[in-house]
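Now for the letters of each chain:
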Amino acid sequence: MAKPARNFEAVVASANALASGAVVYRTAEGSWSPHFKDALIARSKSEAEALLAAADGDVKATLIVELALIEVALEEGVAPRPRSLRERIRAEGPTVPIPQDPQPVIRT
Amino acid sequence: MYRYDEFDHRFVMERTKEFAGQVTRRLSGELSEEQFRPLRLMNGVYLQLHAYMLRIAIPYGTLSSRQLRKLADIARRYDRDYGHFTTRQNLQFNWIKLADMPAILAELAEVEMHAIQTSGNCIRNVTADHFAGAAADEIADPRPWAEIIRQWSSLHPEFSFLPRKFKVAVTGAAKDRAAIQVHDIGLELKRNDKGENGFAVWVGGGQGRTPMIAKKLTDFLPESDILAYCDAILRVYNLEGRRDNKYKARIKILVHEMGEEEMRAAVEKEFAAIRGKTLTVPAPEIARINAYFAPPAYQLCDPATPVFVAAQAADSQFRMFAERNVTPHKQPGYGVLTISLKPVGGPPGDATSSQMDRIADLAERYGHDEIRVSHEQNLVLPHVRLDDLPAIHASLIEGGLATANAGLITDIIACPGLDYCTLANARSIPVAQRISERFADIARQRDIGDLKLKISGCINACGHHHVGHIGILGVDRKGEEFYQITLGGSGDETCAIGEIAGRGFSSDEIVGAVETVVDTYLKLRQTPQEDFLAAYRRLGSAPFQEALYVA
């Protein structure tokens, strides 16, 4: 969540889409994207507050649930990523593969 | 198997319809999330990290082929083609859309299934020994009683808003495969020297952040009194259980704070007031429910089981499978088959739709149409002819289901962990995968022998780590995953809570630490027959701690 300006961590607004439950991020256009890379990054406390206030309208409009600001790691030359492992897993999916049927056995 | 009566049909249909209306009102905005959350939870719907999760009740872990095919069908059409079998003998779908929920619940109702009481502060789905009605060591089948308790506890108005959730487990064998001593109520069906059936009743066990072993309130309660006695326990709990603190609200805390004697006295007082009245289960009703669980029509078979014997002699892979995954059956010529959902490197407890279909087909063709879900996250065909096992094994190989590791170190219980769960602090599945890869060599696993390894990704202990011979608890330390090892736990009739070995291990270190524990056991065991738990109980924690932290 937003911290005092001096130590402000960049944040994005994330939620789950109400009907599907899918993880979504608030974009600069005010829509919701399933891709973290599309997220609008708030770089100051006032930007974060504005982002949260705008996004909250969509909670009331029953588009999203579980709205939260999540911290983003910004490093030179690296694409922004959520700071916590939990949020990276939300953004990128489980770190384990989705179960698949075994490959057919090839008998030689 | 039990078939729904008119009452069951009606309440499931009514609830499905009611919940469909609630979903519609939520999607239209008529209900807020705060209003909707308790309603969806009453119907087994959680919001997890990536999507909604639907938890479906599988009463005492028993499924017919038709039901398992329906679960496969739902996985295929509404989810990502797989399901996750849980330590409460339930099934969870991880990628369900809220908008699809009413349709899914309607389809489940077609096969007499639902998601009611799989969440919330009520009496949850009753669990039982997964070998019930089949195991050679069984005294009496616990399923009729699990069913009677299910009927009594379903939508019970007095017990729908308890201080906290409430879990009941039933076994009918002295060998406890249902972990009854770590349940809110644990019931052991037994027979006295007059040949009458009754229950030993355990109360106040549980895992979570405050693990407790249950206290035995009575050693022998006549079976027809079981509902009155459970009612008495629930009344004491409902009145005296703490509602001020979620972490102190389970009955285990009440039993701990009151003490065993005072708890017994309070329950006996309530019991005396209601005993012999409406909650006494009438003998004709016991007989009627028992009839649903009559043994299947066993086929004639050669007691020498020539096909089974010949296959073991000819095929070492089959022999190893039969040695680990087949348990003695009460009927000569038959066996109880455990189908491991723990392939090396795979997520424990997951099955794809086609695997579920395959198992349903095998159950229909060879297994009297019956499947069980074990709390150890495997599936069981309780009644198979030993002579059919080679054919079953061949099919399981094709389906990637023939892992011969039942009860071995790679037969790991793991909760979904941080890969799926909003409560988790650390990942469980990748640790399970790496451990199973490290110990993949089946000869090494067999040399290590019986060893229960259980992993939870948070203190809520869905992965039963407290009762693992080796338990692993994932914690978050300043944003890093750490894993604490507990040793010497057991969920069977010799129930014990594992002891914390010492400081936690990083994700990189944990697999090596488990290997150190196992190697220490191998070095110190007196004979190969002395299993890990027996050796730990003889040696204590010191040599393991020394190997982990000093050496």
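Scroll up for the structure.
None of these values were measured; they are calculated from a predicted model.

Colleague: How would you sum up the overall build of chain A? Please name residues and give values.
Modeller: Scanning chain A from N- to C-terminus turns up 2 helices and 5 strands. Mapped from its N terminus to its C terminus, chain A presents α and β elements in the order β-β-β-α-β-β-α. Split into buried and exposed, the 108 residues of chain A put 30% on the buried side. Sequence separation of at least 24 residues holds for 50% of the intrachain contacts in chain A that already meet a minimum separation of 6.

Colleague: Please provide a residue-by-residue account of the overall build of chain B, values included.
Modeller: What chain B contains, in helices and strands, is 18 helices and 21 strands. Relative to the compact-globule value of 24 Å for 551 residues, chain B shows a C-alpha radius of gyration of 23 Å, a close match. The dimensions of chain B, computed from C-alpha atoms along their principal axes, are 60 × 60 × 55 Å. For chain B, with 551 residues in total, the buried portion stands at 55%. When contacts within chain B are restricted to residue pairs at least 6 apart in sequence, those whose partners lie at least 24 apart make up 67%.

Colleague: An account of the interface of chain A and chain B is needed here, citing residue identities and associated values.
Modeller: At the junction of the two partners, chain A supplies 25 residues and chain B supplies 30 residues. Sorting the residues of the side of chain A that touches chain B by element identifies β4 (64-75) and α2 (85-92) of chain A as the ones contributing at least two each. Broken down by element, the residue count for the side of chain A that touches chain B peaks at 4 residues, all from α2(A). Of the residues in the side of chain A that touches chain B, the class split is 13 nonpolar, 8 polar and 4 charged.

Colleague: Give me the environment of Val517(B): which residues, what numbers.
Modeller: All names here are of chain B. Tracing the chain through its elements places valine 517 in helix α16 (residues 507-524). For valine 517, a count of 24 C-beta atoms within 10 Å gives the class buried. For the pair valine 517 and arginine 3, spaced 514 residues apart in sequence, the C-alpha to C-alpha distance is 48 Å. With residues up to four places along the chain from it excluded, the contact list for valine 517 reads Ile470, Ile485, Leu487, Phe544 and Leu548.

Colleague: Would you mind going over the pairing of strand β5 (residues 78-82) of chain A in detail, with residue names and values included?
Modeller: Residue and element names in this part refer to chain A. Two elements, β4 and β5, share 3 bridges in a ladder whose sense is antiparallel. Paired with alanine 73 across the two strands is arginine 81, which belongs to β5. If you look at the hairpin formed by β4 and β5, you'll find 2 residues sitting between the two strands, and glycine 77 has a positive phi there, around 75 degrees.

Colleague: Describe the pairing of β4(A), listing the residues and the values that go with them.
Modeller: Bridge analysis of strand β1 (residues 11-17) of chain A against β4(A) gives 6 bridges, and the strand direction is antiparallel. The residue of β4(A) that forms the bridge with Val11(A) is Glu71(A).

Colleague: Please set out the nonpolar core residue by residue, giving values where relevant.
Modeller: All names here are of chain B. Among the nonpolar cores identified, the biggest contains 130 residues, and Leu54, Ile96, Val170, Val203, Ile233 and Ile359 are the most heavily contacted of them. Those residues in contact with isoleucine 233, other than ones at most four positions away along the chain, are Ile185, Val203 and Val267. Counting residues in hydrophobic clusters, the runner-up holds 46 residues, among them Ile435, Leu453, Cys458 and Tyr521.

Colleague: Go over the packing of helix α3 (residues 65-78) of chain B against helix α4 (residues 101-110) of chain B, please, and point to the residues and values.
Modeller: All names here are of chain B. Running from N to C, α3 and α4 point in directions that differ by 165 degrees, and their axes come no closer than 10 Å. Taken together, α3 and α4 sit at an angle that is classed as roughly antiparallel. Classified by chirality, the crossing of α4 by α3 is right-handed. Across from Lys70, Ile74 and Tyr78 in α3, the residues of α4 making contact are Ile104, Glu107 and Leu108. Of the residues that constitute the contact of α3 with α4, the class distribution is 4 nonpolar, no polar and 2 charged.

Conventions adopted
- Residues numbered from 1 in each chain as written.
- Chains lettered and ligands numbered in written order.
- Predicted model: local features only at pLDDT ≥ 70, side-chain atom pairs only at ≥ 80, totals over all residues.
- Helix = DSSP H or I, 4+ residues; strand = E, 2+ residues; numbered from the N terminus.
- Buried ≥ 20, exposed ≤ 12 C-beta atoms within 10 Å, placed from the backbone.
- Contact = placed C-beta atoms within 7 Å.
- Rg over C-alpha atoms; globule rule 2.2 N^0.38 Å.
- Nonpolar A, V, L, I, M, F, W, Y, C, P; charged D, E, K, R; others polar.
- Pairing = 2+ DSSP bridges.
- Core = buried A, V, L, I, M, F, W, Y, C linked by C-beta atoms within 7 Å.
- Axes fitted to C-alpha atoms, helices over the stretch in contact; angles between N-to-C directions.
- Parallel < 35°, antiparallel > 145°, perpendicular 65-115°, else oblique.
- Left-handed = near helix turned anticlockwise from the far one by under 90°.

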